[in-house]
Structures are given as structure tokens and as C-alpha cells.
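# Inside the fold
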Amino acid sequence: MDKLQQKSRRRKENSLNGDNIKLTRSAVIGTIISTVIASTPLLYLIHESVPDDAIWHTFLGTYESGFWESAQYAMWVYTGKVVPLILVLIWFFTCRHWWHHALLVPIVMYSFQIITSVNAELLRTDENQFLFLLPVLVIVVPSIYLIRAKMFNKINNADKTLEELEQEFMIKPKGVWGRVKQYF
């Protein structure tokens, strides 16, 4: 009988260790995400430490502002686009609702704004972005509508609540890489 109790105790300890590893990993990822979110005001204010000159010399290299004629103003433009992009990306990868694909629209918009901001040859930075955003909208908006229509069809045909249907449509990949692979 002692051997059976020892085996049972070992199994219980092993399962608890597996749960502890999952909890520890979740706590580490949660800590990293919350630290990034909490530090976004500091990331946004980085431009104040940049000199108000056309050329900025750093240990990483030299930055020439070109179009804006001020490295500080250029960094203000970049941080004004990178910080919201980081927050929307965190929201996209941590959201478990059925409508999280709608977040692809601001992600594409901010990405496009960053690309056009980096290209100093453009005269108007935020012009014509709707034309580049249109293909994403054409795919995302109808797919969200179709998912919503399926949900309401199931509500009308069954006795499920909206929360139960959200759970059914919720996508739960394993890890961040699984979430990334799901979309590409």
C-alpha cells in the first residue's frame, strides 16, 4: 500500500510542478506586457532627450532628419506612431474576443504611417493612406460581419447565450508564435 501512496504522491507533485511552470511562464509574460504598457509614457517622451538639430550623433550612428529639419521633431513623429502601434499589437495578441480581427485595421494604418514617415522623400506624410488601407478593410470588415451573423444565427436557432457563443468562437492558440502562425 505504501508504494501506491508514493506513486500517487509523485504523480500529484509532478502535476503540480507542471502547473507551476505554466503559472510562472504566464506570470513572466504578464509582467513583461504590463511593464511595456506602463513604460509607454516614457517611450513617448524619448523625443525630449533628442537635440533640436538636423543631425543627431549617437553611439549607434548618426541620424539626419532630412524632411523635418529637426531630429527632435522627427523622433516626436516616430514615437507618436510607434507607441500606439505597440499598444494595439499587445491588444491584438492578448484579446480573446471574436472581433479582435478588427484591430488589424489600426495596425496596418500605424504601420503604413511609420513606413511613410521614415521615407523622408515624401512631401505629405499621412496622405493617401486610405488607398493602402482599403484592401485590409475589404477583407476584415466582411469577415467580422460574417462571424457576427453566424453568432446571431446560432443564438436564434439554439438556447445559447452570447457569452457561450463568444467562447465557442474564441481562438486559443498555444503561445504567441501559435497566434502569429494563425494569421499568416
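Here the residue numbers are simple positions, counted from 1 along each chain's written sequence. Under the rules for a predicted model, residues below a pLDDT of 70 receive no local features and side-chain atom pairs below 80 are neither given nor counted, while totals for whole chains, interfaces and linings still include all residues. The basis for every side-chain value is the complete set of non-hydrogen atoms in the structure, without hydrogens or water.

## Remarks on the overall build of the chain
Applied cut-off: The secondary structure listing takes helices from DSSP runs of H or I that are at least 4 residues long and strands from runs of E that are at least 2 residues long, numbered from the N terminus. Residue contacts are counted whenever heavy atoms from the two residues lie within 4.5 Å of one another. Per-residue and other accessible areas were derived by the Shrake-Rupley procedure at a 1.4 Å probe size, with only the shown protein chains allowed to occlude residues.
A count of helical and extended segments in the chain gives 7 helices and 2 strands. Walking the chain from its N terminus toward its C terminus, one meets helices and strands in the order α-α-β-β-α-α-α-α-α. Restricting to contacts in the chain with at least 6 residues of sequence separation, those with at least 24 account for 51%. For the chain, the accessible surface area stands at approximately 13,500 Å², while carbon and sulfur atoms represent 63% of it.

## Here's the deal with the packing of helix α3 (residues 71-94) against helix α4 (residues 104-118)
A pair of packed helices can be characterised by two numbers: the angle between their axes and the separation between those axes. To keep things clear, this is the line we draw: Between N-to-C directions, angles span 0 to 180 degrees; the directions come from axes that are lines fitted to C-alpha atoms, helices contributing only their stretch in contact. Angle categories are assigned with fixed cut-offs, so that under 35 degrees is roughly parallel, over 145 is roughly antiparallel, 65 to 115 is roughly perpendicular, and the rest are oblique. Here a crossing is taken to be left-handed if its near helix is turned anticlockwise relative to the far helix by less than a right angle, and right-handed if that turn runs clockwise. Side-chain classes follow a simple rule in which Ala, Val, Leu, Ile, Met, Phe, Trp, Tyr, Cys and Pro form the nonpolar group, Asp, Glu, Lys and Arg form the charged group, and the remainder, Gly included, forms the polar group.
Look at α3 against α4: their axes get within 9 Å of each other, and the N-to-C directions meet at 155°. If you check the angle between α3 and α4, you find them roughly antiparallel. Where α3 crosses over α4, the two elements pack in a sense that is left-handed. In this structure, α3 contributes V77, Y78, K81, V82, P84, L85, V88, L89 and F92 to the contact, and α4 contributes L104, P106, I107, Y110, S111, Q113, I114, S117 and V118. The residue inventory of the contact of α3 with α4, partitioned by class, reads 14 nonpolar, 3 polar and 1 charged.

## Focus on the environment of L104
Along the polypeptide, L104 turns up in helix α4. C-alpha separation for the pair L104 and F92, spaced 12 residues apart in sequence, amounts to 7.7 Å. Filtering out sequence-adjacent residues up to four positions away, L104 remains in contact with F92, V136 and V140.

## Structural notes on a nonpolar patch on the surface
Stated formally: In this scheme, patches are assembled from residues that exceed 30% relative accessible area and form no salt bridge. Like charges are connected within 9 Å, while nonpolar side chains (Val, Leu, Ile, Met, Phe, Trp, Tyr) are connected within 5 Å. Think of a salt bridge as a Lys or Arg side-chain nitrogen and an Asp or Glu carboxyl oxygen that are within 4 Å of each other. Relative accessibility decides the category of a residue: with a 1.4 Å probe and only protein chains considered, values under 20% of the type maximum give buried, values over 50% give exposed, and everything between is partly exposed.
Residues F130, L131, F132, L134, V138 and I139 make up a contiguous nonpolar surface patch of about 650 Å² in total accessible area. By secondary structure assignment, the location of V138 is in helix α5 (residues 129-157). The class for V138 is exposed, based on a relative accessible area of 53%.

## Overview of the pairing of strand β2 (residues 61-64)
To keep things clear, this is the line we draw: Here the rule is simple: two strands pair whenever DSSP picks up at least two bridges between them.
Summarising the sheet, strand β1 (residues 55-58) and β2 pair through 4 bridges and their orientation is antiparallel. Each bridged residue has a counterpart across the sheet, and for W56 the counterpart in β2 is Y63. Remark: 2 residues form the turn of the hairpin made by β1 and β2, two consecutive strands paired antiparallel.

## Examining α4
To keep things clear, this is the line we draw: Expected helix span is computed as 1.5 Å times (number of residues minus one).
An ideal rise of 1.5 Å per residue puts 21 Å on 15 residues; α4 measures up with 21 Å between its terminal C-alpha atoms. Along α4, the positions that sit buried rather than exposed are V105, I107, Y110, F112, Q113, I114, T116 and S117.

## Let's talk about α3
In an α-helix, one turn spans 3.6 residues, which is why side chains three or four residues apart end up on the same side. Between the first and last C-alpha of α3 there are 34 Å, a value that for 24 residues agrees with the 34 Å anticipated at 1.5 Å per step. Every buried residue of α3 is listed here: A71, A74, M75, V77, Y78, T79, K81, V83, L85, V88, I90 and F92.

## Focus: the side chain of S70
Mapped onto the fold, S70 is located in the loop between β2 and α3. Given the relative accessible area of 8%, S70 is considered buried. Sequence-distant contacts of S70, defined by excluding residues within four places in its chain, comprise D52, D53, A54 and S65.

## Observations concerning the environment of I147
By the secondary structure assignment, I147 is in helix α5. Judged by its relative accessible area of 25%, I147 is partly exposed. Remark: the alpha-carbon pair of I147 and W99, spanning 48 residues in sequence, is separated by 8.4 Å.

## A few points about the confidence of the model for the chain
What counts, and what does not: One confidence number per residue, pLDDT, is output by the predictor and ranges from 0 to 100.
When pLDDT is averaged across the chain, the result is 77; 67% of the residues are at 70 or more. Taken element by element, the predicted model of the chain shows its lowest mean pLDDT in helix α7 (residues 175-183) (64) and its highest in α3 (91).

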